[in-house]
Amino acid sequence: MMLAQWRAEMNHAQGERVFLDALKDYASGQLRRRQASHVLATLISIAVLVTPVLVAVVGIIVIIAALPSLIGFIFGSLFFAAGIFLLPARYRIPANSLTCADTPELFGALDEVCAVMGAPRIERVVISDDFNAFVVKAGGQCILGIGALLWQAATPAERQALIAHELAHLVNDDPARGKLIGWALQTLSKWDALLAPDPHHSGNVIGEIGVIPLRVVVEALERTTLRLLYLQSQRAEYLADALAVRAAGPAAVTQLLQKTSLFGYVQGQWSALHGVGDARGREVLELLVSPVAKLKDAERDDLLNALNFEALTVDGTHPPTGYRLGFIRALPVAAPKLRADLFAKDDPGFSDRLAETGEKLAAVFEVQ
């Protein structure tokens, strides 16, 4: 019990420090400041990413040294294959991603947000069925992911806040959106899979005991890297909120945060759906996000007030929503830089892709 209490207090203290550090960094303009946690996570990641290469090299050495032994060739090949398996996978740009030629009005609006944010230009847009959004760099391009459900539920001002927040992660160099630490976590996950005991062949007790120390090391590295990443990611979330406020205004960012935090409630309402009836295309999206609009004021207030009771913790990439809202209230008030009608309507190419996503979701709910 004492250990659990100590961990909770340490979590709270670290979370509070991240909150205050983010406020100071925003006030001083040090958006890309490298903290010790980021440096250490980077060094660990580099060391982890060397391991697949070392394993593959060991395999090649064993093959060469053992020639012409067939057993040596087999063992060497196993090591080489393990090294290849441990290499992280790269993000592949979906073939159906949108470009400026597909949706010129959308990309024109995105260019305006990028200019205001001082962010690199978005080259492709990926539509998903999520209630979320993301930004990633791949193949020398910046790719924006837009969740169709969230876009449908958001007002034009909230859409501005959403895009501005995601672009802010590029501006403040969020380590969680970078490749190095993500690749290292992938490799550690593959190490864990490689070293996990086989439930169908549990007779080799000596072999399983022999890999326990290595499994302990892998687990410790994974936990440490995640912890360090969470510290940086939470700081980056606060800063992204601040930059989004500067671009879209505090009201829009606050409303967007509140709306995204209600997605769990929205999902809970889907259990009452038995298909989507006559709804088609974007009507399906509207139907699925309608529980937000149908909430009574008292119900919404109760759900949102619960956010203020979330414990401050660094066990995730995002700080508790209540603290993010508090951070926004602590920022200096300024008029939004983006024009109000920027995302008031969708151009045909973008709207058609949203409708396609609605059709796919309709098929899922029809099966249920």
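Preceding block: the structure.
Rules and cut-offs
Residues numbered from 1 in each chain as written. Predicted model: local features only at pLDDT ≥ 70, side-chain atom pairs only at ≥ 80, totals over all residues. Heavy atoms only, no water. Helix = DSSP H or I, 4+ residues; strand = E, 2+ residues; numbered from the N terminus. Buried < 20%, exposed > 50% of the residue type's maximum accessible area, 1.4 Å probe, protein only. Contact = heavy atoms within 4.5 Å. Areas by Shrake-Rupley, 256 points an atom, 1.4 Å probe, with all protein chains shown as cover. Lys, Arg positive; Asp, Glu negative; His and termini not counted. Charge placed at Lys NZ, Arg CZ, Asp CG, Glu CD. Axes fitted to C-alpha atoms, helices over the stretch in contact; angles between N-to-C directions. Left-handed = near helix turned anticlockwise from the far one by under 90°. Nonpolar A, V, L, I, M, F, W, Y, C, P; charged D, E, K, R; others polar.

Colleague: In this structure, what is going on with the overall build of the protein? I would like to understand it.
Modeller: The helix and strand inventory of the protein stands at 15 helices and three strands. When its C-alpha atoms are laid out on the principal axes, the protein stretches across 70 × 50 × 40 Å. A total of 368 residues make up the protein; the buried ones form 43% of that total. At a minimum sequence separation of 6, the contacts of the protein that also span at least 24 residues come to 75%. Taken as a whole, the protein presents about 19100 Å² of accessible surface, with 62% of it coming from carbon and sulfur. Considering the protein, the positive charge centre built from 33 side chains and the negative charge centre built from 38 side chains are found 6 Å apart.

Colleague: Please explain unusual backbone geometry as it appears in this structure.
Modeller: Working note: non-glycine residues mostly have negative phi, and peptide bonds are mostly trans. Note that the residue after Leu67, namely Pro68, is joined by a cis bond; omega there is 5°. Within the secondary structure, Pro68 sits in the loop between helix H2 (36-66) and helix H3 (70-86).

Colleague: What should I look at first to understand the environment of Phe131 in this one?
Modeller: Position of Phe131 relative to the elements: it lies in the loop between strand S1 (124-128) and strand S2 (133-138). Apart from residues lying up to four places away in sequence, Phe131 is in contact with Leu149, Leu150, Ala153, Lys259, Thr260, Phe263 and Val289.

Colleague: I keep staring at the packing of H2 against helix H9 (residues 212-248) and nothing clicks. Help me out?
Modeller: Each pair of packed helices gets described by two things: the angle between the helix axes and the distance between those axes. With their axes 9 Å apart at the nearest point, H2 and H9 run at an angle of 145° to one another. When you trace H2 past H9, the crossing you get is left-handed. Facing H2, whose interface residues are Ser37, His38, Leu40, Ala41, Ile44, Ser45 and Val48, H9 presents Leu221, Thr224, Thr225, Leu228, Leu231 and Gln232. Per-class residue counts for the contact of H2 with H9 are seven nonpolar, six polar and no charged.

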